[in-house]
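In case you want the letters, here they are:
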Amino acid sequence: MTRQNLILIALAVAISILPLFMFSDGSAEFGGADGQAEGIIQELHPTYEPWAAPLWEPPSAEIESALFALQAAIGAGILGYVLGRRHGRKSA
């Protein structure tokens, strides 16, 4: 492994772990854009009634997070496969 690869791996690990130590006191509130949008809508129009509801809600936030990670992994796998195939066809 080259020195440049080792530096890039170390940077990726640092970027992944550093936020855990920066906000370890529990002061960070990590919320999604859906929750923020719902709060703003309630401020602007308190009588608003949503016209759609989810078909299924996961039983816990951990399961919701795991499903989101699974969706991202499947998308990354498909993207990697397609790009790899295109690169292989070009070089062949």
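Going by the structure above, here's the rest.
Residues numbered from 1 in each chain as written. Predicted model: local features only at pLDDT ≥ 70, side-chain atom pairs only at ≥ 80, totals over all residues. Heavy atoms only, no water.

Draft legend 1. Structural context of the overall build of the protein. When you go through the protein residue by residue, the secondary structure sums to 3 helices and 0 strands. Scanning the protein from its N terminus toward the C terminus, one meets helices and strands in the order α-α-α. Relative to its length of 92 residues, the protein is extended, with a C-alpha radius of gyration of 21 Å against a globular reference of 12 Å. Taken along the three principal axes of its C-alpha coordinates, the protein extends 60 × 40 × 25 Å. Counting the 92 residues in the protein, one finds 0% classified as buried. In the protein, 5 positive and 9 negative side-chain charges are present, and the distance between their average locations comes to 39 Å. (Helix = DSSP H or I, 4+ residues; strand = E, 2+ residues; numbered from the N terminus. Rg over C-alpha atoms; globule rule 2.2 N^0.38 Å. Buried < 20%, exposed > 50% of the residue type's maximum accessible area, 1.4 Å probe, protein only. Lys, Arg positive; Asp, Glu negative; His and termini not counted. Charge placed at Lys NZ, Arg CZ, Asp CG, Glu CD.)

Draft legend 2. Structural view of a nonpolar patch on the surface. On the surface, a nonpolar cluster with roughly 1000 Å² of combined accessible area is contributed by Leu55, Trp56, Ile63, Leu67, Leu70, Ile74, Ile78, Tyr81 and Val82. Among the structural elements, tyrosine 81 can be located in helix H3 (residues 61–91). (Patch = residues over 30% accessible without salt bridge, like charges linked within 9 Å, V, L, I, M, F, W, Y side chains within 5 Å. Areas by Shrake-Rupley, 256 points an atom, 1.4 Å probe, with all protein chains shown as cover. Salt bridge = Lys/Arg side-chain N within 4 Å of Asp/Glu carboxyl O.)

Draft legend 3. Here's a closer look at helix H2 (residues 33–44). Given a rise of 1.5 Å per residue, 12 residues ought to cover 16 Å, and the 16 Å separating the end C-alpha atoms of H2 matches this to within 8%. Burial analysis of H2 places just 0 of its 12 residues in the buried class, a small minority of the element. (Expected span 1.5 Å × (residues − 1).)

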